[in-house]
8 protein chains.
Amino acid sequence: MNEESLKALLQSVQQGSCTPEKALRQLKDLPYENLEFARLDHHRALRTGQGEVIFCQGKQPEHIIKILKHLGSKENNVLATRLEPQAAAIILDHFPKAHYDQPARCLLLHPLDEPTIPGKILVMTAGTADLPVAQEAWLTARYMGHDVDTLFDVGVAGIHRLLEQRELMDQAEVIIVVAGMEGALASVVGGLVEQPVIAVPTSVGYGAHFQGLAALLSMLNSCASGVGVVNIDNGFGAASLASAIVRRIHREN
Amino acid sequence: MNEESLKALLQSVQQGSCTPEKALRQLKDLPYENLEFARLDHHRALRTGQGEVIFCQGKQPEHIIKILKHLGSKENNVLATRLEPQAAAIILDHFPKAHYDQPARCLLLHPLDEPTIPGKILVMTAGTADLPVAQEAWLTARYMGHDVDTLFDVGVAGIHRLLEQRELMDQAEVIIVVAGMEGALASVVGGLVEQPVIAVPTSVGYGAHFQGLAALLSMLNSCASGVGVVNIDNGFGAASLASAIVRRIHREN
Amino acid sequence: MNEESLKALLQSVQQGSCTPEKALRQLKDLPYENLEFARLDHHRALRTGQGEVIFCQGKQPEHIIKILKHLGSKENNVLATRLEPQAAAIILDHFPKAHYDQPARCLLLHPLDEPTIPGKILVMTAGTADLPVAQEAWLTARYMGHDVDTLFDVGVAGIHRLLEQRELMDQAEVIIVVAGMEGALASVVGGLVEQPVIAVPTSVGYGAHFQGLAALLSMLNSCASGVGVVNIDNGFGAASLASAIVRRIHREN
Amino acid sequence: MNEESLKALLQSVQQGSCTPEKALRQLKDLPYENLEFARLDHHRALRTGQGEVIFCQGKQPEHIIKILKHLGSKENNVLATRLEPQAAAIILDHFPKAHYDQPARCLLLHPLDEPTIPGKILVMTAGTADLPVAQEAWLTARYMGHDVDTLFDVGVAGIHRLLEQRELMDQAEVIIVVAGMEGALASVVGGLVEQPVIAVPTSVGYGAHFQGLAALLSMLNSCASGVGVVNIDNGFGAASLASAIVRRIHREN
Amino acid sequence: MNEESLKALLQSVQQGSCTPEKALRQLKDLPYENLEFARLDHHRALRTGQGEVIFCQGKQPEHIIKILKHLGSKENNVLATRLEPQAAAIILDHFPKAHYDQPARCLLLHPLDEPTIPGKILVMTAGTADLPVAQEAWLTARYMGHDVDTLFDVGVAGIHRLLEQRELMDQAEVIIVVAGMEGALASVVGGLVEQPVIAVPTSVGYGAHFQGLAALLSMLNSCASGVGVVNIDNGFGAASLASAIVRRIHREN
Amino acid sequence: MNEESLKALLQSVQQGSCTPEKALRQLKDLPYENLEFARLDHHRALRTGQGEVIFCQGKQPEHIIKILKHLGSKENNVLATRLEPQAAAIILDHFPKAHYDQPARCLLLHPLDEPTIPGKILVMTAGTADLPVAQEAWLTARYMGHDVDTLFDVGVAGIHRLLEQRELMDQAEVIIVVAGMEGALASVVGGLVEQPVIAVPTSVGYGAHFQGLAALLSMLNSCASGVGVVNIDNGFGAASLASAIVRRIHREN
Amino acid sequence: MNEESLKALLQSVQQGSCTPEKALRQLKDLPYENLEFARLDHHRALRTGQGEVIFCQGKQPEHIIKILKHLGSKENNVLATRLEPQAAAIILDHFPKAHYDQPARCLLLHPLDEPTIPGKILVMTAGTADLPVAQEAWLTARYMGHDVDTLFDVGVAGIHRLLEQRELMDQAEVIIVVAGMEGALASVVGGLVEQPVIAVPTSVGYGAHFQGLAALLSMLNSCASGVGVVNIDNGFGAASLASAIVRRIHREN
Amino acid sequence: MNEESLKALLQSVQQGSCTPEKALRQLKDLPYENLEFARLDHHRALRTGQGEVIFCQGKQPEHIIKILKHLGSKENNVLATRLEPQAAAIILDHFPKAHYDQPARCLLLHPLDEPTIPGKILVMTAGTADLPVAQEAWLTARYMGHDVDTLFDVGVAGIHRLLEQRELMDQAEVIIVVAGMEGALASVVGGLVEQPVIAVPTSVGYGAHFQGLAALLSMLNSCASGVGVVNIDNGFGAASLASAIVRRIHREN
């Protein structure tokens, strides 16, 4: 509801084509649905360009089922993230056609469509143990309509594995770097490419890793400028940011 | 030095148009300059699309002067960040035409040119005390050739100040949100727009703010997806990332 | 035992209407009951206006049962908080009429009475995952005799969901804001209303949320003044403070 | 701008008594003043019941002077907090009638008026070193129109000093407890009274006090329920919350 | 092996009453037993006045059994601490006469003897949930031969429960204060008595308690001087220190 | 004011030898002096066996002067700790006979008397940089009437320096170990002696020492049982605890 | 691929003995194997002198099995670390001749060979609970071809147990000190010997140990210079560093 | 004093060639000098192979002067580290021939000798701001008799600057990597070479660098195995460890 549309609405009230009551309803009744325990924001797709994704952590299975039903009736597909296997089993009983990706802890109501937005996103990992987070990023980006390349296990302890993959990096619009331990891959990639780099610290490591804090601080202090960081293990957030950038690049003007 | 150019070089060696010694030099002598205490990476502009910026913290004035002289002889303008007033005074004696912006703690060898890259970057702050960091971001983005809008003091304690500025937000390609205290502005903006949002936590606050930690954690945990975070008070890093995104949007394909 | 009553007691000793021994007992024998492992403070209701609530964490079921029996014989109802399901099952065997609310992890010996104190408390949450903490706050406030409204899932990522609920906020005497992640809801609400706002950070979030630390620091640094913060996930504490305020507003003078 | 006033505005547009352009301006032009570097929220007094207070930390003296001039022309008095002595000296040159309280680091444009709101606020400190924070709380509450009692140096290491002051506590509507070191005073007072207690941890202590963290954690974990905590050294925030409570108690219904 | 005994040994070598080989053995063969995975320090009782206690955390049951057998053959009784129930069950199969105290997670090979050292130790707790730690302290002190009084659930939220127990405090030589949450009891007791006070923070609390950190910092910052602090939940350590003090008081000179 | 004296007072009221008003005053008027900004606890010497010591940190010089005057008129000597040199200079102008010990940051109104209490306290340091804290401990203990030995620079990196000083350790009733860096000296001494050991972590170290945190955690986790820890750099607190122990050992029974 | 070999390759291209295509392949095709989810770095043995070890934490059993098969076909033996018992059981089904060491959580495909590299590594522990970490270090060093001595349970609380083992220390080329709690053993050993000391903090301890943080900080702040620290519980890393040192000492020049 | 020499001493006592008194003195009088405030460990050179270096932080200039005089009379040269410029000025007045290196904050009594120990140590830095720490390492290693190469400003943001320096790395026996920010250089170097790598995190960085914590955690979690870490900014410690390794490699067997 920006200035233009507000003025138009007021003019239609002045001209009598819209009653004050109706205008009031329109101004007040923003398009969300109230399920008491949750308010579904159908409007978000218009506002931010992305449909609502269900963040399942801390939600009870029956609540997730109700939200899925309401969202599923209005959108083509729905993505649920941070869904633990036990809860997924309960939910799959109600949506037998849905697909659950256990390492990524994600559920999709329908199969993924082919990518609809031009431009590639590259998801890289430093090690094999970072795969679940990378998988969450891959699934989210694919769900949002993007074409996604992957490049796994190219950590800096064997830097030749990374350097020879220059071409794959060059083909991407945005690069998502998923890394645990000391998270140095983000800095090395950030120093090699001109594309925006999104760094995802993972909780992979032990001891003084402190559940991802070491990689997080490392990435925030990257000596390569132009690296944006998201929360620890937050593959979803990285893909959301990557999607916003790629959609910006490829929108029709 | 990608696969193509390597192949070309090898072929010229095979064909005798290039001696092995010359090829060796070319492979080895990557374009940087060695000042003993520093290695100037003239190659970075080609590689990442951004010229080298001097991060002055911890460097001695005489070193900064030498680096400025070497960089200044090869590029049109040079930006120096995190330069304390005392050191700036010494440096200005050697570069009387340079300009020092004290709140931003930045120095420019020459005046800023007009923006050369289409597309706007918007720099917002939650409060007046966040201005120095916003100024560093503004200067960096302008130095990199961008057109920059600003919107200051629109923190969430008076949310109407923010909501009426929707148009300014809509005109930007990327939005940089600079906020201290609880840093909530990043979440509110992130939930309102479809553009990529870059969040810069500032060390503004006291007590349990712990020099910016509160705002940093807040932004990393933003309930609005698609927010990329940079280091505390790092206006330069935010502008670098914003620049990478905008240049990606507006490059000629 | 204030100055007035002490003087009265001493006068009755002087006048012989009270022996020194009896006065001694009265001064010494403050009204609590000693169960060896616990000292039940029946006096607290007089002193602070609130009956003792059993904080079950770390207590063994048999101890909780004994305390419930002693308190239950003297008061109309008893509230037990932080009671895990396994312990609740054991206790329900001894008090079959009691009610256990699993999400809130609370047990009540008897059903809740109708509210007896005028004035409303509003409990808001930013997301659906904050519900258990909100439920603990709701139950505690209702147990203490208050009328409680609720408003769930109005987090700042979709700020229109919040702004249209102005009326519900205006009707409350005190507002409890329960929020995890970046906890920004407390600041936005604090900037909108004139009522006292009590903020409850929750441990909802992952990665750099550090079990609620992010939301806690965020709320302590709220740019909206006049927000009081309680411990992470402490719905009980928030309701206690809200109750003290509302009882203060509506006491007969 | 609630539903009622919005409807009225729309009706006046329908009836022709207000043009769409004028309505647009009214909807858009919320009462704040834009100084470029700051947006003064004159509307806040209506919205939250408290005038804007200038938080000076991180602001440059010239900015503070401009804000003071703009606010001073519309309100009877203005309070500036966290103002360092050097900046205060510059500002006093422009406002020679203003008063600067150095320990509290606060400046007032005009002398304090007599209290206008019934009901007392009590400000207590555990030690003498907590006085500056208590003074900030006292000044803020007085500036907001309240009657304030004080009780200093009653820390729990000599608990008899506290216990004999029961009467002063009983006379207050709200009690602000300012304490550093282990901050135990908040728990002891919270266990003694029925009034709402607001706890302010101070950075008084050394070593493992970590600039107030020890007292902050202590107060958040108070075994006395119903204690609301504000940021470390935040006397202003405590007074704001106390003011909101007392105004709630004593508003005319 | 002090200077005196060394001199005596050397003189006996000089006088021929002791061969160099024998002296060498004596100097080298300090009285401990090598079990390969552990070195039992039988000498400690002479050196520090306390027999070795088995700290079981991280040790495998078979190792604990071997150590118990070796120690049990040379001393009257043995105490094992931090022994989890599952491991205890395995061990009790080998030592059917041993007694395992589950809340305290301690095992004793033989029943406790009557106290042999004069002077009382008082163990206090703030709440009922602190009992397991208090029980570990009680058992340790009793095992070391001391007479121990207890006073439970006298936290500062109901300070009258504490104040009336002055006599019990006065009768002790040393007071151990066990408290979680904000740990304020240590400060209040420290301000009331002239005896040495040993404070044991417990991990009782939630949210911003951070597994005992809040109580630990609180006790280290006690405004009452002369309080010695031990590790979180370390009832054993507190009793050891108390024992050292009481044995010092009551040794024969 | 224990049970006995309360009963006696009440009996004297009953018998008419004391009026209720006089008894009231006695019960109410505990022996402290109210200076408005401070309440001097003359009673503490009776209650805890130690006179009040002025903790100067955060106090203004004029306040310290007033407190010194009031305390100085009733006691033989007064100790002020944590007094910075600038403040000390101001104070010495008012008390020209006082002595200020700059490394220890302590001031004494009168010269130290000879020790009056039997039994020795030993103050050890690991390094030379720990001397200021050790000096605070030494001065405090001497001020409280004790005989104090010292043993400096016996850190574990050269363990022979420590082992040969066994005799000095054996002669002490209590040992205070002052150590920064990794604070290992406390563990080694704790494993060698039967006396109570009080460990004082110092802020000596750099980098990952975090202002004394490393030494503090090290001492709290000492593998030698029976070590009591005080706050970082808290020589005063260590001496207070040592004094309480030694006075307990040497009181007449 | 150093300068020499690059020059030789280029010369063979010039001389026609190597085609550009073949040279390109050689330059590009560095010897690693791509399993999609992992890139096996067979080249590492040449580059760093150590074969790749599988870090199993976070890897799925099927992935580990595939990696073992690929690595096992090219090398004599393979070491897998941080392998949990459940995963080990699955893997042992596929490699029945492999050996799993449960305390060390390590798996070896084939039995250990006799040591092939001269020079001894000594692995010491402070306590019995540090054994699993020491065992990981022992196994890793043995797997890398070294001769390893052990010395367990020589913590500083009984320093004579350590001092008499001087000879064993003197015989080692490098000493690995594994210690939890306060980790003081590293400092004491570091002060006694001239050999390089590698310190491994363990997560043994409770309360304020914070999962190894206490021992880590302690070792980083060791007052004995020349101590290198590895991550908490990282026996593997310590052995790798020790191996690098010993191979350096005993390589043929 | 090992077993052999002890036996020899005892035999000489038995044979009368040494009196018990003399033996006692020899056993007791270990070679250190007692200056009361410090104990100079002349014995350390024999024990650990390194002469005592004066760590000046926290020491008063007059103490440093005394120590320098005592050490200077017995050794050829003395190194003092962490010496602030003001203190250095005072000390240089007493030792006019000494040399003070301000960036490194180190003082040498005499000029450095030529290297006496074969084998090179390489000191690398990621950036120019890491130079002071690298300089401390360089000076320490040279003082200890080693040959030291340097390689500055080869951080991973421009990885080609590093890769072309392979030869310099190959020539070193040990590599010291000094890096701030995210400290990724340690991992990249650790993955490239077979030599032992010693990582020194520096406090270079801002915001979420937390005075070196980010680099420290990063290095402790290096994905390249075999990296030993020392304290933040501890160039001295790194050089000490490097020296111990190189002396081990090049001792005569």
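Residues numbered from 1 in each chain as written. Chains lettered and ligands numbered in written order. Predicted model: local features only at pLDDT ≥ 70, side-chain atom pairs only at ≥ 80, totals over all residues. Heavy atoms only, no water.

- An unreviewed UniProt entry lists chain A under the name NCAIR mutase-like protein, with Desulfosporosinus orientis as the source organism.

### Description of the pattern of salt bridges
Logical step 1: Scanning all chains against the criterion turns up 54 salt bridges over all chains.
Logical step 2: Here Glu84(A) and Arg105(A) are joined by a salt bridge, their closest N and O atoms 2.8 Å apart. Separated by 21 residues along the polypeptide, Glu84(A) in the loop between strand S4 (79–81) and helix H5 (85–94) and Arg105(A) in the loop between strand S5 (99–101) and strand S6 (106–108) bring together distant segments of the chain.
Logical step 3: Of the charged contacts in the structure, one is a salt bridge between Arg248(F) and Glu173(E), with a shortest N-O distance of 2.8 Å. In this pair, Arg248(F) is assigned in helix H11 (residues 235–250) and Glu173(E) in the loop between helix H8 (166–170) and strand S9 (174–179), connecting two distinct chains. In this pair, the class of Arg248(F) matches that of Glu173(E), namely buried. (Salt bridge = Lys/Arg side-chain N within 4 Å of Asp/Glu carboxyl O. Helix = DSSP H or I, 4+ residues; strand = E, 2+ residues; numbered from the N terminus. Buried < 20%, exposed > 50% of the residue type's maximum accessible area, 1.4 Å probe, protein only.)

### Some details on the pairing of strand S7 (residues 120–125) of chain E
Residues and elements named next belong to chain E.
Logical step 1: Among the six residues that make up S7, five are buried, leaving the element largely enclosed by the rest of the structure.
Logical step 2: Here S7 pairs with strand S8 (residues 147–151) via five bridges, running parallel. Note that in S8 the partner of Val123 across the bridge is Thr150.
Logical step 3: Taking the sense of rotation as the criterion, the β-α-β connection linking S7, helix H6 (residues 131–143) and S8 turns out right-handed.
Logical step 4: Bridging between S7 and S9 involves five bridges; their strand directions are parallel. Paired with Met124 across the strands is Val177, a residue of S9. (Pairing = 2+ DSSP bridges. Right-handed = clockwise from strand over helix to strand, strands pointing away.)

### Examining helix H6 (residues 131–143) of chain D
Residue and element names in this part refer to chain D.
Logical step 1: For H6, which comprises 13 residues, the first-to-last C-alpha distance of 18 Å matches the rise-based estimate of 18 Å (1.5 Å per residue) to within 8%.
Logical step 2: Within H6, 10 of the 13 residues are buried, leaving the element largely enclosed by the surrounding structure.
Logical step 3: For H6, the complete set of buried residues consists of Leu131, Val133, Ala134, Glu136, Ala137, Leu139, Thr140, Ala141, Arg142 and Tyr143.
Logical step 4: Positive phi shows up at Gly145, right after H6, with a value of about 100 degrees. (Expected span 1.5 Å × (residues − 1).)

### Some words on the relation of the copies chain B and chain A
The relation between the two copies of this chain is a rotation about an axis and a shift parallel to it.
Logical step 1: In the superposition of chain B on chain A (RMSD 0.2 Å, axial shift 0.0 Å), the rotation amounts to 180 degrees. Here the symmetry operator amounts to a two-fold rotation axis.
Logical step 2: Both copies present the same face, since 100% of the interface residues in chain B are matched by interface residues at the equivalent positions in chain A. (Least-squares fit on C-alpha atoms with pLDDT ≥ 70 in both. Contact = heavy atoms within 4.5 Å.)

### So, the interface of chain B and chain A
Logical step 1: Across the contact, 37 residues belong to chain B and 37 residues belong to chain A.
Logical step 2: Across the chain B/chain A interface, buried area totals approximately 2900 Å², and carbon plus sulfur atoms make up 52% of it.
Logical step 3: Across the chain B-chain A interface, the total number found is five salt bridges.
Logical step 4: With a shortest N-O distance of 3.8 Å, Glu194(B) and Arg248(A) are connected by a salt bridge.
Logical step 5: Summed over the shared surface of chain B and chain A, the number is 10 residue pairs in polar contact (both at pLDDT 80 or more).
Logical step 6: Breaking the side of chain B that touches chain A down by element, the ones donating at least two residues are helix H3 (44–48), helix H8 (166–170), helix H9 (185–192), helix H10 (213–220), strand S11 (227–229) and helix H11 (235–250) of chain B.
Logical step 7: With eight residues, H11(B) is the largest single contributor of residues to the side of chain B that touches chain A. (Buried area = accessible area lost by both parts, 1.4 Å probe. Polar contact = N/O pair within 3.5 Å; in protein donor to acceptor, adjacent residues only side chain to side chain.)

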